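# Understanding the architecture of this molecule
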Amino acid sequence: MSGPVTAPGTAEVELAIGGMTCASCAARIEKKLNRMDGVEATVNYATEKAKVTYRDAAVSVDDLVATVEATGYTARPPAPPAPAGAPGASAATGGDAEETGDHELAELRQRLLIALFLSVPVVAMAMVPPLQFDNWQWLSLTLAAPVVLYAGWPFHRAAWTNLRHGAATMDTLISVGTAAAFLWSVWALFFGTAGMHGMRHPFELTISRGDGSGNIYLEAAAGVTTFILAGRYFEARSKRRAGAALRALMELGAKEVTVLRDGREVRVPTAELQVGDRFTVRPGEKIATDGTVVEGTSAVDASMLTGESVPVEVAPGDTVTGATLNAGGRLVVEATRVGADTQLARMAKLVEDAQNGKAAAQRLADRISAVFVPVVILLALGTLLVWLLSGAGITAAFTAAVAVLIIACPCALGLATPTALMVGTGRGAQLGILIKGPEVLENTRKADTVVLDKTGTVTTGRMTLLAVHTAPDADEAEVLRLAGALENASEHPIARAVAAGAADAVGDLAVPEDFANVPGLGVQGVVDGHAVLVGREKLLAEWSIALPAPLAAAKDAAEAAGRTAIAVAWDGEARAVLEVADAVKDTSAEAIRRLRALGLTPVLLTGDNEAVARAVAAEVGIEPEHVIAEVMPEDKVDVVKRLQAEGRSVAMVGDGVNDAAALAQADLGLAMGTGTDAAIEAGDLTLVRGDLRAAADAIRLSRRTLATIKGNLFWAFAYNVAALPLAALGFLNPMIAGAAMAFSSVFVVGNSLRLRRFKGA
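Rules behind the numbers
- Residues numbered from 1 in each chain as written.
- Predicted model: local features only at pLDDT ≥ 70, side-chain atom pairs only at ≥ 80, totals over all residues.
- Heavy atoms only, no water.
- Helix = DSSP H or I, 4+ residues; strand = E, 2+ residues; numbered from the N terminus.
- Buried < 20%, exposed > 50% of the residue type's maximum accessible area, 1.4 Å probe, protein only.
- Contact = heavy atoms within 4.5 Å.
- Areas by Shrake-Rupley, 256 points an atom, 1.4 Å probe, with all protein chains shown as cover.
- Pairing = 2+ DSSP bridges.
- pLDDT = per-residue confidence, 0-100.
- Arc of directions from axis to C-beta.

For the protein, the helix and strand inventory stands at 26 helices and 26 strands. For the protein, buried positions account for 53% of its 761 residues. Restricting the contact set of the protein to residue pairs at least 6 apart, pairs at least 24 apart contribute 71%. For the protein, the accessible surface area stands at approximately 31,300 Å², while carbon and sulfur atoms represent 57% of it.

Spatially, 10-9-12 is the arrangement adopted by the three strands of the open sheet, whose pairing is antiparallel. A strand with exactly one partner marks an edge of an open sheet, and here the two such strands are strand 10 (312–314) and strand 12 (325–326). Where strand 9 (residues 298–301) lies against strand 12, two bridges are found, and the strand directions are antiparallel. Residue pairing across strands places D301 opposite L325, the latter belonging to strand 12.

If you trace the backbone, I228 turns up in helix 7 (residues 218–241). Expressed as a C-alpha distance, the spacing of I228 and I174, which sit 54 residues apart in the sequence, is 8.4 Å.

The pLDDT averaged across the protein works out to 80; a share of 80% of its residues lies at or above 70. The weakest mean pLDDT in the protein belongs to helix 8 (residues 244–251) at 54; the strongest belongs to helix 4 (residues 136–151) at 94. A low-confidence stretch, residues 1–5 (pLDDT under 50), is modelled with six contacts involving residues beyond four sequence positions or located in other chains. With pLDDT under 50 throughout, residues 357–363 is counted as low confidence; its partners more than four residues away or in other chains account for 17 contacts.

Direction of pairing for strand 5 (residues 256–261) relative to strand 6 (residues 264–269): antiparallel, over a ladder of six bridges. What sits directly across from L260, in strand 6, is E265. Once strand 5 ends, the chain turns through two residues before running back antiparallel as strand 6, passing D262 with a positive phi of about 55 degrees.

Attention now moves to helix 20 (residues 588–597). Those residues of helix 20 that fall on the buried side of the exposure criterion are S588, A591, I592, R594 and L595. Each buried residue of helix 20 lies within a common arc of 165 degrees when the element is viewed along its axis, so the set occupies one face. Opposite the buried face of helix 20, by more than 90 degrees, sit the exposed residues R593 and A597. As for helix 20, its buried residues are in contact with strand 15 (449–453), helix 15 (454–458), strand 21 (573–584), strand 22 (601–605), helix 21 (610–620) and helix 25 (693–728).

Next comes the structure, spelled out in structure tokens:
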């Protein structure tokens, strides 16, 4: 988990980029940066970051920022590093960036709400002649002006920026079309006949030669602005949530720690910890940072970091990891790594690198508009010139040119993705599936391999009593009553599993008359007059109690299957062996079958040992050759990279912090909603139900949503292409062009609504 390796004399910096509105903006910035001497840059539109490697002798960070700003965008160098003791210093995302993102989203929402409120009556009056009262046109101008000039300002600003740099995007066409419609309407109102008292808007199909000064097209200007703003807002909101994975990771760490100083316990913020400090960890507390145990014994639950379902017994000399949970006794730990050096901080860095390493998603609409926009503008100018040369008059010529711009305004193109995404995500939420954004959908179609984390994904993620093997003269109910009563007095996770299973089987459990914990071996005590031992075989051996052959065989078989075997004895005789393990979810085997039906090859990936992994794989139907066990978090990322290097498109399903980096690295990350926030934020899809069958439904729904988006884009584009010649030839005046443009939007929305009928398998 080391940082990026750079050649001598080179440096690496990550810049936060502002002002990008589409993937072509990222490409333009990347092109400008790479033209600089000694600079290699990758700009990611989705994360709004530029990762730049440069020769520090020739180029400075200020030079990089200046180049980005000269291209028409903003760039911000990294925030100053956090204090040395602060957890995750290297992964700080910067509070200023977060506040800026919130402000930009709030501003966009405000523009959208104002545009929606003002444009509805404008469109209604223009499209429904009975609503056209005397002087209605002036009210339309009053309402439409703020929509075009204020709400649509981001489009005009972006168009001007693009123009200054010789480029054109969808913003250019939106700006030119809405501005032309608005300015023509202003001219017609003040200098034509449209402003006369009693004016009514005719509903005509064609353009009359020499006519047009009595027509206004404010509804087209306001409507297009509002529709496109809505699409931009939902896109921005989705992107805003994408950077929360690192914050979720760092939230897992302890905020305060009890440090031993001069023989006293002092409560201080974790950020003040230094290497060599000794601190205490009480039962139920998180371990503040990576360190070595110097006093005490306990069981440490590291499942959130390592995926290991069985708590690890620790004693003096053993190492522990920050953010893991002390599930047993009191510990004194000496800090060995703090801040950016901790495993948690390094995992955060892995997530950050994996996210930034993803290629920026090329929006289909932007690819279309890259050619479509300049062609439409040239066509509009050509229409104006041809009509003028034909002697039709400047009014008719300009009217036809405006009709071309309006009919070509990419309202439907802009709606194609957000409407399908809104309907698809709404239906997904009903089925326990959250789709984070349009960028992930393409990968659901390409995925051919699905990597499944074991703990909490295929299994329940908690220890469960699975079987009871009794000696010939022992009664199972009596075994559970006595063993459960003794284990109920312990806080150890395995003990809690035995106690819970016993309570389910025999009801209320007795209170031990005497109880003692034997560190690393088990528990002993007196229950209803019986001297009871529950724990490892070694605990019984210390009391000279041997397991009879049937129980010894049951213990060996349980351990061979990867389960934890617990011996039970009382009154000097071994009575039973209990099997405890992380149980497989009832729905996992069916989920595996559904994933195979989608053309995916399942691979089981876990931090557990080989025996446990193979036993679980056999139970759910995964082949032994597709089992990868005993891996650490960084190894999970390497496994995903290796599969990708083999040419596979990898989907990853996980729920723990140990899965977050692998989820981010995978082509498609599916996070179980019952897992940690870090995993959920790092994933592309979230399975709210915690049911692995939802993974298959998520992929099916995502593929269906992607197909709908592509269908929307095709028909919206084809619609415009078919209508453009009609507008250029004068068969569509701008009013009809506006109506046709609105109809194309209705078609796209209607097609998207079909996703509401999607059903899970």
